[in-house]
Amino acid sequence: MKSIVVEAHPLVRAGATHVLQSLPAISEVVSVDPDEALFENLAAHADAELALIGLPLPGIDDLPALSRLLQQPHPRHVAVLGESDSAAHVRALMQLNVSAYLLKSYSGKLIAAALELVLAGGRYVPASIVLARPDAQTGGAKGSDDCALLGLTQRQYEILVLLSRGHPVKTISRMLGISEATAKAHINALYRRLEVRSRTEAVFVATQRGAMLLNQPQLVAEPATSSLAPVRIARTG
């Protein structure tokens with residue numbers, strides 16, 4: 001598979017290239033300069049499987065640039081390598097339907113693992129963003145929109161969000177204050193509703209339909225994972 005790396009800083013670009021070259025699925029890495037020909041060059045490599053785009057882009061506003069990129073022919077997966085850990089900024093980027101938001105401060109191993117997840121059809125955002133409670137009105141509205149979009153109950157949607165973050169059934173039941181049997185019943189019901197057989201398929205179908213899966217469920221207890229630790233989005237069924 002071919003991949004693209006876009007990064008203004010030479011050292012960061014070299015590091016990103018090294019990480020991409022370490023992925024077993026990647027056979028070619030093409031470096032694209034973030035200059036005035038950026039969009040044309042990315043369109044020329046629309047056959048690539050993955051584009052890793054470093055932010056900020058020199059002289060270009062991040063959100064409009066990525067929005068424009070995703071409206072033209074582009075690589076199948078677009079991952080962002082950024083400096084900002086602002087929850088609002090990251091959510092805005094993820095709502096453009098990028099596949100991952102990675103911080104430049106992450107280790108190469110973590111970035112590689114996240115990109116492998118992306119190549120397998122998953123999505124990745126930092127746990128500090130996932131676990132941060134959004135504005136109650138906006139977040140609640142988005143969750144309701146996703147429920148209606150997917151035809152799920154609120155509880156089924158909450159479980160789907162937690163499944164998308166890689167949590168096992170036992171942890172989900174503890175987080176929501178329900179029994180494992182009840183959690184499994186909800187999972188089976190949402191699988192039937194989405195016509196899928198695994199969490200990976202469920203997350204894929206939900207995101208393909210436009211659900212963002214970023215709304216924070218109402219938890220009985222906080223997860224054991226620190227809010228500063230990265231959380232991966234479901235890869236296996």
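In this report, we go over the structure that sits alongside the text. (Residues numbered from 1 in each chain as written. Predicted model: local features only at pLDDT ≥ 70, side-chain atom pairs only at ≥ 80, totals over all residues. Heavy atoms only, no water.)

**Re the overall build of the protein**
Heads up, the rule is: Helix and strand labels come from DSSP, where a helix needs a run of H or I of at least four residues and a strand needs a run of E of at least two; each type is numbered from the N terminus. Burial classification: accessible surface area is computed with a 1.4 Å probe over protein chains only, and a residue below 20% of its type maximum counts as buried, one above 50% as exposed, and the rest as partly exposed. Throughout, a contact is declared for two residues whenever any of their heavy atoms are within 4.5 Å. Areas reported here follow the Shrake-Rupley algorithm with a probe of radius 1.4 Å; residue values treat only the protein chains shown as occluding.
A tally of helices and strands in the protein yields 11 helices and 7 strands. Buried positions account for 50% of the 237 residues belonging to the protein. Sequence-distant contacts, at least 24 apart, represent 70% of the contacts inside the protein between residues at least 6 apart. Summing over all exposed atoms, the protein offers an accessible surface of approximately 11000 Å²; the carbon and sulfur share of this is 52%.

**Re the packing of aromatic side chains**
When we look at a pair of aromatic rings, we describe it by the centre distance and by the angle of the planes. Under the convention used in this document: Two rings from Phe, Tyr or Trp (for Trp, the six-membered ring) form a pair when their centres are within 6.5 Å of each other. A pair whose planes differ by under 30 degrees is stacked, one over 60 is edge-to-face, and the rest are tilted. When the NZ atom of lysine or the CZ atom of arginine is within 6 Å of a ring's centre and also within 35 degrees of its normal, the charge is said to sit over that ring.
Applying the stated criterion across every chain yields a total of 1 aromatic pair. Ring centres of Y106 and Y124 lie 6.5 Å apart, and the angle between their planes is 90°; this geometry places the pair in the edge-to-face category. Of this pair, Y106 sits in the loop between β5 (100-103) and α5 (108-119) while Y124 sits in strand β6 (residues 124-125), placing them 18 residues apart in sequence. Owing to a relative accessible area of 3%, Y124 belongs among the buried residues under this scheme. A cation over an aromatic ring shows up here: R68 above the ring of F39, its NZ or CZ 3.8 Å from the ring centre.

**With respect to the environment of T182**
The test is simple: Definition of a polar contact: a pair of N or O atoms within 3.5 Å, with one able to donate and the other able to accept a hydrogen when the atoms are protein atoms, and with sequence-neighbouring residues admitted only if both atoms are side-chain atoms.
Topologically, T182 is positioned in helix α10 (residues 180-194). A relative accessible area of 33% means that T182 is categorised as partly exposed. Only 2.8 Å separates the side chain of T182 from the side chain of S179, close enough to count as a polar contact.

**Concerning empty space enclosed by the protein**
As a reminder of what qualifies: With a 1 Å grid laid over protein atoms only, a set of points is called a cavity when a 1.4 Å probe fits there but cannot get out and a pocket when it is open yet has protein on both sides within 12 Å along at least five of seven lines; lining residues have an atom within 4 Å of a point. Grid points are joined across faces, edges and corners, and a volume is the space filled by probe spheres set on the points. Ten residue types, Ala, Val, Leu, Ile, Met, Phe, Trp, Tyr, Cys and Pro, are classed as nonpolar, four, Asp, Glu, Lys and Arg, as charged, and the remainder, Gly among them, as polar.
Overall, the coordinates contain 2 cavities of 30 Å³ or more when judged by the stated rule. There is about 40 Å³ of room inside the second largest cavity. Every element with two or more residues in the lining of the second largest cavity is listed here: α2 (38-44) and α3 (62-70). Of the residues contributing to the lining of the second largest cavity, the split by class is 8 nonpolar, no polar and no charged.

**Some points on the packing of helix α8 (residues 154-164) against α10**
Inclusion rule: In this analysis an axis means a line fitted to C-alpha atoms, helices contributing only their contacting stretch, and an angle means the value between N-to-C directions, from 0 to 180 degrees. Our angle categories are set so that under 35 degrees counts as roughly parallel, over 145 as roughly antiparallel, 65 to 115 as roughly perpendicular, and the remainder as oblique.
Contact geometry for α8 and α10: axes closest at 9 Å, N-to-C directions at 90°. Accordingly, the angle class assigned to the pair α8 and α10 is roughly perpendicular. Listed contacts from α10 to R155, Q156, I159, L160 and L163 of α8 are A183, H186, I187, A189, L190, Y191 and L194.

**Overview of the packing of helix α9 (residues 169-176) against α10**
Put simply, α9 and α10 touch, their axes get as near as 9 Å, and they point 105° apart. Taken together, α9 and α10 sit at an angle that is classed as roughly perpendicular. Touching V169, K170 and S173 of α9 are E180, A183, K184 and I187, all from α10.

**Description of the pattern of salt bridges**
This is how the line gets drawn: Put simply, a salt bridge is a Lys or Arg side-chain nitrogen that is within 4 Å of an Asp or Glu carboxyl oxygen.
For the structure shown, the criterion picks out 5 salt bridges. Between K104 and E7 there is a salt bridge, and its shortest N-O distance comes to 3.1 Å. Placement of the pair is K104 in the loop between β5 and α5 and E7 in the loop between β1 (2-6) and α1 (10-22), with a sequence separation of 97 residues. Judged by its relative accessible area of 23%, K104 falls in the partly exposed class. In this structure E7 comes out as buried when scored by relative accessible area, which is 4%. The residue K104 makes a salt bridge to E83 at a minimum N-O spacing of 3.7 Å. A residue pair is termed long-range when its members are at least 10 positions apart, and K104 in the loop between β5 and α5 and E83 in the loop between β4 (77-82) and α4 (87-94) qualify at 21 residues.

**Some words on α3**
To keep it simple, the criterion reads: What the arc describes is the spread of directions from the helix axis to the C-beta atoms.
Taken as a whole, α3 has its buried residues at D62, A65, L66 and L69. On an axial view of α3, the arc spanned by its buried residues comes to 95°, and they lie on one face. Elements in contact with the buried residues of α3: α2, β3 (50-54), β4 and α4.

**Looking at the layout of surface pockets**
In plain terms, the rule: Domain extents, as shown, originate in an automatic or database domain assignment.
Of the volumes computed, that of the largest pocket is approximately 310 Å³. As for the largest pocket, its lining consists of 17 residues, and the residues nearest its centre are R76, H77, N97, S99 and Q208. Elements with a contribution of two residues or more to the lining of the largest pocket: β4 and α11 (199-208). The element that contributes the greatest number of residues to the lining of the largest pocket is α11, accounting for 4 residues. Here the lining of the largest pocket spans two domains, since at least three of its residues come from each of domain 1 (2-131) and domain 2 (143-209).

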